[in-house]
2 protein chains.
Amino acid sequence: MVAYPDLDSYLEDNLDQSIYELSRLVAQPSVGAQNLGMLECAELTAELMRKRGFETRLMPTGGAPVVFSERKGSKNKTLLFYCHYDVQPAEPFDLLETPPFEPSLRDGKLFGRGVSDDKGHITSRLFAIDALLDQFGELPCNIKFIIEGEEETGSIHLPDFVRKNKELLAADACIWEFGGVDHEETPLQYLGLRGICYVELSVTTAQIDVHSGLGGSIFPNSAWRLVWALNTLKDQNERILIPGHYDNIVPPTERDRQLMQLLPETSTEYKNRYGIKYFINGLTDGVDLRIAEVFQPTCTICGLTSGYQGPGSKTVLPAKASAKVNFRLIPNQTPEQILKQLRTHLDNEGFQDVEINFLGGGPAARTDPDDPFIKMVLDTARQVYGVEMKIIPLSGGSGPNYPFVHDLGLPVATAGMGYPDTRGHAPNENIRIDLYLKHARHMAYLIKAFAY
Amino acid sequence: MVAYPDLDSYLEDNLDQSIYELSRLVAQPSVGAQNLGMLECAELTAELMRKRGFETRLMPTGGAPVVFSERKGSKNKTLLFYCHYDVQPAEPFDLLETPPFEPSLRDGKLFGRGVSDDKGHITSRLFAIDALLDQFGELPCNIKFIIEGEEETGSIHLPDFVRKNKELLAADACIWEFGGVDHEETPLQYLGLRGICYVELSVTTAQIDVHSGLGGSIFPNSAWRLVWALNTLKDQNERILIPGHYDNIVPPTERDRQLMQLLPETSTEYKNRYGIKYFINGLTDGVDLRIAEVFQPTCTICGLTSGYQGPGSKTVLPAKASAKVNFRLIPNQTPEQILKQLRTHLDNEGFQDVEINFLGGGPAARTDPDDPFIKMVLDTARQVYGVEMKIIPLSGGSGPNYPFVHDLGLPVATAGMGYPDTRGHAPNENIRIDLYLKHARHMAYLIKAFAY
């Protein structure tokens with residue numbers, strides 16, 4: 001079923017041009033964690049907006065600037081798009097098939113760091129707008145873009161920015177930065193995001209690394225201190241041991257369970273794709289696995305570093321050791337609570353020497369599955385994908401949706417071009433071109449439907 | 001008191017030339033752990049030997065070759081020097097004051113990777129030989145050098161090499177690769193070395209790193225598995241928890257305690273030099289600290305690596321995690337015993353997924369403090385340093401002295417140019433030129449005394 005043949009033919013005819021525009025954006029590195037190319041990428045993003053007649057400015061946040069854009073349309077209703085121009089670090093380089101910032105097209109896919117997360121969403125939405133402007137000469141409704149530069153580093157400044165710019169950002173609904181299809185090609189609707197609290201834990205026990213033959217028996221060892229401290233955070237049954245961590249959390253509702261029940265089986269897919277041999281906690285498959293995946297808080301070690309890490313052996317007692325740890329939060333946990341409880345716990349366990357460096361976070365937030373805007377996103381998706389979107393009441397991932405839901409009061413829907421092998425946050429990130437086109441169609445249809 | 005004025009004046013007059021020769025040797029990288037420049041350094045070492053009329057050959061070991069050299073002398077007694085031409089890795093580069101392989105002379109010190117450990121000992125001993133040849137036209141006794149290339153990576157092939165070449169290596173006594181003065185400028189005589197067993201423990205839980213929002217709640221995490229496994233190896237009271245680890249170990253004798261009692265206080269020195277705030281196990285100072293330093297087995301984490309380690313945050317579940325761990329062994333522990341008990345222990349604790357990669361090791365060995373050769377080394381040291389050597393019955397460090405003591409049956413004495421700030425195995429390794437000269441004098445005196 002083709003709903004808007006003119007929009008469709010525009011998008012098919014101009015796809016190459018949009019992929020080229022995306023390639024330009026991906027070729028501009030913007031690794032927030034490494035402060036690499038951030039301003040350059042913000043300016044390039046703004047240039048793409050201005051080309052479409054959007055009033056655009058770079059707004060200071062205290063960190064990387066926000067690119068804010070708006071253009072009026074015929075109807076006085078406003079749709080807000082949230083995107084981000086920053087990307088994850090490209091490491092580990094040795095696992096990359098092609099250089100991360102030299103977009104490479106092969107097998108119907110475009111490879112490059114940030115191609116899916118999130119630059120493809122910026123250009124595909126602009127592509128949808130191009131189609132609408134081509135057909136109607138104007139936008140059917142007001143459109144705003146808020147494109148931040150700190151999503152991959154915890155959106156540290158965004159909540160304050162949103163709260164301070166409520167009038168500027170005022171809208172009727174919001175489309176989030178990501179979305180996509182599952183391994184059965186069914187588009188997914190994520191109605192909420194877990195919160196996150198990302199910390200670096202570090203221990204310093206000496207000024208310099210010491211020969212392990214000297215210090216091994218009598219000096220404190222930073223790596224051992226770190227291992228022992230980490231070990232107090234979570235037991236081998238994956239139970240987080242920080243007192244109070246599970247207090248006040250909101251368990252899934254009956255409606256949540258129903259929605260989770262409708263989702264497809266993922267266990268085999270996960271095992272094959274990631275090469276994992278088992279799930280933790282004795283989980284095997286089914287709705288229990290899916291509920292565990294998102295409705296429980298986590299404490300994940302994302303990185304460990306200490307001492308000698310090269311080939312072979314080096315006999316040192318490391319002066320410093322550190323771990324990157326992220327906590328995924330479910331409603332009603334807050335990063336403030338996590339940080340406070342973590343400090344108290346480490347102190348009580350005798351680890352006053354373990355420093356906590358907060359690297360960003362925010363609480364979880366969700367949109368009502370029965371909101372009319374969600375229905376509209378589902379209806380237009382059905383026109384494009386030919387199947388019904390599957391509703392996921394809460395995503396395992398995180399993002400700064402809290403201020404959009406709770407401060408701006410918006411229903412927030414997800415839509416995007418992701419697919420299971422898109423490798424966001426991993427080597428060889430890629431998008432499928434066919435899904436890029438579908439997302440642009442979906443967004444063009446949605447904007448049109450939203451205006452009337 | 002000047003014992004041999006002609007030897008002394010030769011050494012003083014030709015010091016610059018020997019330092020230049022050392023600089024050439026240091027400028028040739030030879031990082032065994034990274035297989036960097038090994039053969040080139042072996043050949044350069046052989047060239048230095050041949051220049052002095054030593055019959056020299058590179059002998060295969062299965063790994064880096066051994067440089068073996070010998071030259072006959074007037075008396076039919078043989079002194080064997082054990083040295084090594086390989087060096088520790090130069091990392092961490094960001095802490096280096098000058099490039100590791102560009103020797104830099106400042107403040108009466110020569111800086112560079114390997115300058116003390118062990119290249120300075122090779123050239124200073126050749127310098128002593130130059131002085132003897134200059135004075136006598138021939139060597140007063142037979143001299144052999146065995147200079148290996150795998151000392152810093154656990155001397156994996158050396159014990160077999162020694163056992164297979166007992167006739168070639170036959171001697172009456174052996175001078176070890178290192179030695180030096182303590183913080184009171186007193187030269188030290190190490191009569192033994194702890195053994196070592198160096199392993200890499202690694203866990204792989206997936207084929208690729210996974211977005212932590214996906215895998216965090218349901219996938220096994222390699223970094224957590226590693227932390228939990230490590231935590232079972234040693235408790236916070238530094239007690240090694242591997243069953244059988246403390247079986248059969250030989251405690252210090254009454255003579256050992258007497259010798260340790262005579263050693264100077266080191267606690268303040270250690271705290272100031274390394275910036276450590278306390279000693280483990282409630283130790284504070286005195287003979288108890290010194291005995292703990294060397295007479296107990298250790299389990300030291302030398303390095304940790306997993307996942308994202310760059311600046312800022314990256315939300316990944318790491319596919320792989322690994323730790324470099326070394327055990328220091330006291331008599332009668334063996335690496336074979338440690339490896340076997342470690343595997344059994346990890347299996348019993350549920351860590352069959354933790355792989356053990358043995359990176360090298362050997363048992364501890366000691367020489368009798370009352371051996372006549374030790375007395376000779378002490379007597380000649382007194383002539384050079386003006387004070388009595390302090391006898392340390394066992395060193396905290398390790399080395400392949402076991403086959404020299406037990407297969408060749410040699411008394412093994414230590415002598416060298418080290419001092420407390422020499423930074424072996426750490427950034428900015430250096431030697432003091434005055435101690436370099438003293439060591440050369442000591443070796444010239446010793447060879448002369450040894451021959452008569």
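Sequence order as written defines residue numbering, which begins from 1 separately in each chain. Here every chain gets a letter starting at A, and every ligand a number starting at 1, in the order they are written. Per-residue local features are limited, in this predicted model, to residues with pLDDT of at least 70; the limit for side-chain atom pairs, both in listing and counting, is 80 or more; totals at the level of whole chains, interfaces and linings are taken over all residues.

Engineer: Whenever I open this one, the overall build of chain A confuses me. Can you help?
Structural biologist: We count a stretch as a helix when DSSP gives it H or I for four or more residues in a row; a strand needs E for two or more, and each element gets its number in order from the N terminus. Secondary structure assignment for chain A yields 15 helices and 20 strands. Principal-axis analysis of the C-alpha atoms gives chain A an extent of 75 × 45 × 45 Å. For every residue, the other C-beta atoms within 10 Å of its own C-beta are counted; 20 or more classify it as buried, 12 or fewer as exposed, and values in between as partly exposed. C-beta atoms are placed from the backbone. Looking at the 452 residues of chain A, the share that counts as buried comes to 57%. Any pair of residues counts as being in contact when their C-beta atoms, constructed from backbone geometry, are within 7 Å of one another. Counting only contacts in chain A whose residues sit at least 6 apart along the sequence, the fraction spanning at least 24 positions is 80%.

Engineer: Even after reading the chapter, I still don't get the relation of the copies chain A and chain B, so can you show me in this structure?
Structural biologist: Both copies of the chain are related by one operation, a rotation about an axis with a shift along it. All copies are superposed by least squares; the fitting set is the C-alpha atoms of residues with a pLDDT of at least 70 in both. Laying chain A over chain B is done by rotating through 180° and shifting 0.0 Å along the axis; what remains is an RMSD of 0.0 Å. The symmetry that links the two subunits is that of a two-fold axis. Residues of chain A ranked by C-alpha distance from the rotation axis are headed by Thr-305 of chain A, positioned 2.4 Å from it. Here 100% of the contact residues of chain A are again contact residues in chain B; the copies associate through an equivalent surface.

Engineer: How should I be thinking about the interface of chain A and chain B in this particular structure?
Structural biologist: Interfaces are frequently sized by the accessible area removed from exposure as the parts join. On the chain B side, the residues contacting the 80 residues of chain A number 80 residues. Per-element accounting of the side of chain A that touches chain B gives the leading share, nine residues, to strand S12 (residues 298-307) of chain A. Three classes are used: nonpolar for Ala, Val, Leu, Ile, Met, Phe, Trp, Tyr, Cys and Pro, charged for Asp, Glu, Lys and Arg, and polar for all others, with Gly counted as polar. Across the side of chain A that touches chain B, the residue classes break down as 36 nonpolar, 36 polar and eight charged. At least two bridges found by DSSP between two strands is the condition for calling them paired. Two strands pair when backbone bridges link them, and S12 of chain A and strand S12 (residues 298-307) of chain B are joined in this way by five bridges, in the antiparallel orientation. Bridging across to S12 of chain B, Gly-303 of chain A finds its partner in Gly-307 of chain B.

Engineer: In this structure, what is going on with the packing of helix H4 (residues 115-136) of chain A against helix H15 (residues 433-451) of chain A? I would like to understand it.
Structural biologist: Each pair of packed helices gets described by two things: the angle between the helix axes and the distance between those axes. Residue and element names in this part refer to chain A. Lines fitted to C-alpha atoms define the axes here, with helix axes fitted over just the stretch in contact, and angles between the N-to-C directions of these axes take values from 0 to 180 degrees. Where H4 contacts H15, the two axes come as close as 8 Å, and the packing angle between them is 50°. If you check the angle between H4 and H15, you find them oblique. Note that H4 runs across H15; the crossing there is right-handed. Here H4 contributes Gly-120, Ser-124, Arg-125, Phe-127, Ala-128, Ala-131 and Leu-132 to the contact with H15, which in turn contributes Tyr-436, His-439, Ala-440, Met-443, Ala-444, Ile-447 and Lys-448. Of the residues assigned to the contact of H4 with H15, the class counts are nine nonpolar, three polar and two charged. Put simply, angles under 35 degrees are roughly parallel, angles over 145 are roughly antiparallel, angles from 65 to 115 are roughly perpendicular, and the rest are oblique. Crossing chirality is assigned from the near helix's rotation relative to the far helix, an anticlockwise turn below a right angle marking it left-handed and a clockwise turn marking it right-handed.

Engineer: I tried to follow the pairing of strand S2 (residues 66-71) of chain A on my own but got confused; where do I start?
Structural biologist: Successive side chains on a regular strand alternate, one facing one side of the sheet and the next facing the other. Residues and elements named next belong to chain A. Burial within S2 is extensive, with five of its six residues counted as buried. Between strand S1 (residues 55-59) and S2, which pair antiparallel one after the other, the connecting turn spans six residues, and Gly-62 there sits at a positive phi close to 105°. Bridge count between S2 and strand S6 (residues 139-148): five bridges; the pairing is antiparallel. Opposite Val-67, over in S6, you have Ile-147 as the bridge partner.

Engineer: For this particular structure, what's the right way to read helix H4 (residues 115-136) of chain B?
Structural biologist: Three- or four-residue spacings in an α-helix give side chains the same orientation, since the helix completes a turn every 3.6 residues. Residue and element names in this part refer to chain B. Between the first and last residue of a helix there are one fewer steps than residues, each counted as 1.5 Å, and that sum is the expected span. Over its 22 residues, H4 extends 29 Å from the first C-alpha to the last, a length consistent with the 32 Å expected when each residue adds 1.5 Å. Bend, at a single residue, is the angle you get between axes fitted to the 7 residues ending at that residue and the 7 residues starting at it. Along H4, the helix axis deviates most sharply at His-121, where the bend reaches about 30°. Burial runs high along H4: 18 of the 22 residues are buried. Looking one or two residues past H4, Gly-137 carries a phi angle of roughly 75°, positive in sign.

Engineer: I would appreciate a short explanation of the sheet that holds strand S8 (residues 180-181) of chain B in the present structure.
Structural biologist: Strand pairing within a sheet occurs via backbone hydrogen bonds; the two strands may be parallel or antiparallel. Residues and elements named next belong to chain B. The strand order S8-S9-S17 describes an open sheet built from three strands, whose pairing is mixed. Two strands lie at the open edges of the sheet, namely S8 and strand S17 (390-392), each paired on one side alone. The sheet contact formed by strand S9 (residues 187-190) and S17 spans three bridges and is parallel. By the bridge assignment, Gln-189 is partnered in S17 with Ile-391.

Engineer: What exactly am I supposed to notice about the environment of Asp-353 of chain A here?
Structural biologist: Among the structural elements, Asp-353 of chain A can be located in the loop between helix H12 (335-348) and strand S15 (355-362). Separated by 21 residues in the primary sequence, Asp-353 of chain A and Ile-374 of chain A have C-alpha atoms spaced 48 Å apart.

Engineer: Help me understand the domain arrangement of chain A in this model?
Structural biologist: All names here are of chain A. Domain limits in this description derive from either an automatic procedure or a database domain assignment. Assigned domains within chain A: domain 1 (5-191 + 367-451) and domain 2 (195-251 + 295-362). Distance from the C-alpha centre of domain 1 to the C-alpha centre of domain 2: 34 Å. The residue inventory of the side of domain 1 that touches domain 2, partitioned by class, reads five nonpolar, five polar and no charged.

Engineer: It is not clear to me how the nonpolar core should be interpreted in this structure. Could you clarify?
Structural biologist: Among soluble globular proteins, nonpolar side chains are generally buried collectively. A set of buried residues drawn from Ala, Val, Leu, Ile, Met, Phe, Trp, Tyr and Cys, joined through C-beta atoms within 7 Å, is what defines a nonpolar core. Formed by 264 residues in total, the largest nonpolar core has its most connected members in Ala-444 of chain A together with Cys-174, Ala-444 and Ile-447 of chain B. Not counting residues within four places of it along the chain, the set of residues in contact with Cys-174 of chain B comprises Leu-80, Tyr-82, Phe-404, Leu-410 and Val-412 of chain B.

Engineer: Hey, could you run me through helix H9 (residues 254-262) of chain B in this one?
Structural biologist: Residues and elements named next belong to chain B. Of the positions making up H9, those classed as buried are Asp-256, Leu-259 and Met-260. With its buried residues spanning 100° around the axis, H9 presents them on a single face. Away from its buried face by more than 90 degrees, H9 exposes Glu-254, Gln-261 and Leu-262. In this fold, the buried residues of H9 make contact with helix H11 (286-294) and S17. Arc, as used here, means the arc of the directions from the helix axis to the C-beta atoms.

Engineer: I keep staring at the environment of Gly-192 of chain B and nothing clicks. Help me out?
Structural biologist: Residue and element names in this part refer to chain B. Among the secondary structure elements, Gly-192 is positioned in strand S10 (residues 192-204). Gly-192 gets classed as buried once you count the C-beta atoms within 10 Å, which come to 25. Placed 209 residues apart in sequence, Gly-192 and Asn-401 show a C-alpha to C-alpha distance of 7.9 Å. Residues within four places of Gly-192 in sequence aside, it is in contact with Ala-364, Ala-365, Arg-366, Thr-367, Pro-393, Leu-394 and Ser-395.

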